Amino acid sequence: MDAIAAAQALSEIGYLLRQDPKESFRAKAFSKAAWTLALERPDLDALHQANKLTSIEGVGAGIAKILAGLVETGRSSYLERLRAETGQPARDDESTIDLSSYQGDLHSHTDWSDGRATMLEMARGAKALGYRYLGITDHSPRIKVVNGLDAERLLAQSREREKVEQEVEGLALLQGIEVDILEDGALDLPDVVLELLDIVIASPHVKLRQEPTAMTERMLRAVSNPNVDVIGHPTGRRPGSREGATYDFERVFREAAAHGVALEIDCDPARMDLSPEQARLALELGCTFSLDADAHAPAEFAYVPMAAWMPRRAGIPMDRILNFRPLEALTMIAK
Ligand SMILES: [Zn+2]
Ligand SMILES: [Zn+2]
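A.B. asks: Go over the coordination of the zinc ion (ligand 2), please, and point to the residues and values.
C.D. replies: Summarising the metal site, the zinc ion (ligand 2) is bound by the protein donors His107 (NE2), His109 (NE2), Glu178 (OE) and Asp294 (OD), whose distances to it range over 2.0 to 2.3 Å. Coordination geometry of the zinc ion (ligand 2): the 4 donor atoms subtend angles of 84 to 173° at the metal centre, consistent with an arrangement described as irregular. Counting the intervening residues between successive donors of the zinc ion (ligand 2) yields the motif H-x1-H-x68-E-x115-D.

So, in structure tokens, the structure goes:
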């Protein structure tokens, strides 16, 4: 069993445990251990043989036992029991996701807003993973607590982007923004600014408890803005702690498909948004997807491999996921 496959099993266990608020502490422990595995990729067979699985950071006796089961049998009876208990069994039509074909992450933050690393550090991290491109998508002005970017700061950021691109060869940096979807569905930056950017991710961050009819109108307006490429973490949920927005998913997803707007599967373990169930609905309605870490530091790029069980469970074929397309095929760049 390789570390990434094990990371996905632990990530799924963490996700399923989050459904029960009483388990939130254990859920986080599993997500954390999954992240360590995805980041450091230890040789699990060797560690198991030497009886040293607990030497992995964040792996105590309980998680080690599950890892031992995974190494020995390729499966986890605990995970299977949790799936049965939560009514989320594995499915026959799961897709195959070949992570070695992953071309780049479209959604990331730098210290221009609330990221914890510089653009150069983020670019080097992406390059080290073999990515061909990285979307630099800091927050828009409305998110004041994180120093969101207005037009003037975006222009300044574009100069830094040019420098960093020269320094990190072979990696394209997409100049973008994670623009807030305001309460009425307007976006937090004017169209004249948005249309200059390579990638626009529009995300709901506030007023997620809006009444469903108003929320539906809000999301419909966002997906029909011609500058929007991706809807970021489409419900804003935080499994186990915050319910996401409720709206007419079928209508909004259908509209997203019609406008060629991708829906994100945000792999941050605190988000996991869209859920596999909602992603499956979106798939049936013809949507494309963006599989992103929403990384705020280079280490968080590892959220994608650990959460890759989500698109698999949703049955999404790789050709519907933007991140498996080469840069030239990302139509939004020219849009
Ligand atoms: Zn966001
Ligand atoms: Zn973000």
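A.B. asks: Which residues make up the pairing of strand S3 (residues 172–180), and what are the values?
C.D. replies: Most of S3 is tucked away: 9 of the 9 residues are buried. Side-chain alternation along S3 places Ala172, Leu174, Gly176, Glu178 and Asp180 on one buried face and Leu173, Gln175, Ile177 and Val179 on a second face that is also buried. In this structure, strand S2 (residues 133–139) lies alongside S3, joined through 7 bridges in parallel fashion. From the neighbouring strand, Thr137 faces S3, where its bridge partner is Gly176. The handedness of the S2 to S3 crossover, carried by helix H7 (residues 151–167), is right-handed. Direction of pairing for S3 relative to strand S4 (residues 199–203): parallel, over a ladder of 5 bridges.

A.B. asks: How would you explain the nonpolar core if you had to name every residue and give the values?
C.D. replies: One finds Leu10, Leu67, Ile231, Phe253 and Phe289 to be the most contacted residues of the largest nonpolar core, which totals 99 residues. With 9 residues, helix H1 (residues 3–18) is the largest single contributor of residues to this core. Apart from residues no more than four positions distant in its own chain, Leu67 is found in contact with Ala6, Leu10, Leu37, Leu44, Leu53, Ile56 and Val59. Leu106, Leu174, Ile199 and Leu330 belong to the second largest nonpolar core, which has 10 residues in total.

A.B. asks: Give a detailed account of the packing of H1 against helix H5 (residues 77–85), specifying residues and quantitative values.
C.D. replies: The geometry of H1 relative to H5 is characterised by a closest axis approach of 10 Å and an angle of 35° between their N-to-C directions. Like other packed secondary-structure pairs, H1 and H5 cross with a definite hand, here left-handed. The segment H1 lies against H5, with Ala9, Glu12, Ile13, Leu16 and Leu17 engaging Tyr78, Leu79, Leu82 and Arg83. Here the residues of the contact of H1 with H5 are counted per class, giving 7 nonpolar, no polar and 2 charged.

A.B. asks: Account for the coordination of the zinc ion (ligand 1), with residues named and values stated.
C.D. replies: Every protein donor of the zinc ion (ligand 1) is listed here as Glu178 (OE), His205 (NE2) and His233 (NE2), and their distances to the metal cover 2.1 to 2.2 Å. Site description for the zinc ion (ligand 1): donor spacing in sequence, E-x26-H-x27-H. Between the zinc ion (ligand 1) and the zinc ion (ligand 2) the interatomic distance amounts to 3.5 Å, and Glu178 serves as a bridging ligand to the pair. Pair noted here: His205 is in the loop between S4 and helix H9 (212–223) and His233 is in the loop between strand S5 (230–231) and helix H10 (249–259), with a separation of 28 residues, a long-range link. The pair formed by His205 and His233 is uniform in burial state, with each residue classed as buried.

A.B. asks: Could you give me a rundown of unusual backbone geometry, with the residues and numbers involved?
C.D. replies: Backbone torsion omega between Asp273 and Leu274 reads 5°, so that peptide bond is classified as cis. Unlike most non-glycine residues, Asn147 shows phi in positive territory, near 60°. Assignment of secondary structure puts Asn147 in the loop between S2 and H7. Given the relative accessible area of 42%, Asn147 is considered partly exposed. The backbone phi angle of Lys207 is positive, close to 55°, even though this residue is not glycine. In this structure, Lys207 sits in the loop between S4 and H9.

A.B. asks: Tell me about H1, and name the residues and values.
C.D. replies: Residues that lie three or four places apart on an α-helix share one face, since the helix turns once every 3.6 residues. The first and last C-alpha atoms of H1 sit 22 Å apart over 16 residues, in line with the 22 Å expected at 1.5 Å per residue. Counting buried residues along H1, 15 of its 16 residues qualify, which places the element largely inside the surrounding structure. Sitting at the amino-terminal end of H1 is Asp2, which places a side-chain oxygen 3.0 Å from the backbone nitrogen of Ile4.

A.B. asks: Explain the sheet that holds strand S7 (residues 289–292) to me, and be specific about the residues and the numbers.
C.D. replies: If you trace the 7 strands from one edge of the open sheet to the other, you get S1-S2-S3-S4-S5-S6-S7, paired in parallel fashion. Two strands bound the open sheet, and with one partner strand each, they are strand S1 (104–108) and S7. The pairing of strand S6 (residues 262–266) with S7 spans 4 bridges and is parallel. Across the sheet, residue Ile265 finds its bridge partner in S7, namely Leu291. Across the face of the sheet, H7 comes into contact with S2 and S3 while running at roughly 155° to S3.

Thresholds, definitions, all that
Position labels on residues start from 1 in each chain and follow its written sequence. As they are written, the chains are lettered A onward and the ligands numbered 1 onward, keeping that order. Local features in this predicted model are restricted to residues of pLDDT 70 or higher, and side-chain atom pairs are both shown and tallied only at a pLDDT of 80 or more, whereas totals for entire chains, interfaces and linings draw on every residue. Heavy atoms from the whole structure form the basis of all side-chain values; hydrogens and water molecules are not counted. Donor criterion used throughout: N, O or S atom within 2.8 Å of the metal, extended to 3.2 Å for Na, K and Ca. Water excluded; incomplete-looking sites may result. Metal sites are grouped by the angles between bound donors: all angles between 85 and 135 degrees with four donors is tetrahedral, opposite donors over 155 degrees apart with the others between 65 and 115 is square planar for four donors and octahedral for six, and any other pattern is irregular. Residue exposure (1.4 Å probe, protein chains only): buried if accessible area is under 20% of the type maximum, exposed if over 50%, otherwise partly exposed. Note on conventions: DSSP H or I runs of at least 4 residues are helices, E runs of at least 2 residues are strands, and numbering of each starts at the N terminus. Should DSSP find at least two bridges between two strands, the strands are regarded as paired. Orienting the strands away from the viewer, one traces the path from the first strand over the helix to the second; a clockwise path indicates a right-handed crossover. Residue types Ala, Val, Leu, Ile, Met, Phe, Trp, Tyr and Cys, when buried and joined through side-chain atoms within 4.5 Å, form a set referred to as a nonpolar core. The contact criterion used throughout is that any non-hydrogen atoms of two residues lie within 4.5 Å. Lines fitted to the C-alpha atoms define the axes, with helices restricted to the stretch that makes contact. Angles between their N-to-C directions range from 0 to 180 degrees. Handedness of a crossing is defined here by the sense of rotation of the near helix relative to the far one, left-handed for an anticlockwise turn of less than a right angle and right-handed for a clockwise turn. Classification used: nonpolar for Ala, Val, Leu, Ile, Met, Phe, Trp, Tyr, Cys and Pro, charged for Asp, Glu, Lys and Arg, polar for all others including Gly. To estimate how far a helix should reach, multiply one less than its number of residues by 1.5 Å. Polar contact criterion, stated in full: a pair of N or O atoms within 3.5 Å, where within protein one must be able to donate a hydrogen and the other to accept it, and residues adjacent in sequence count only if both atoms are side-chain atoms.

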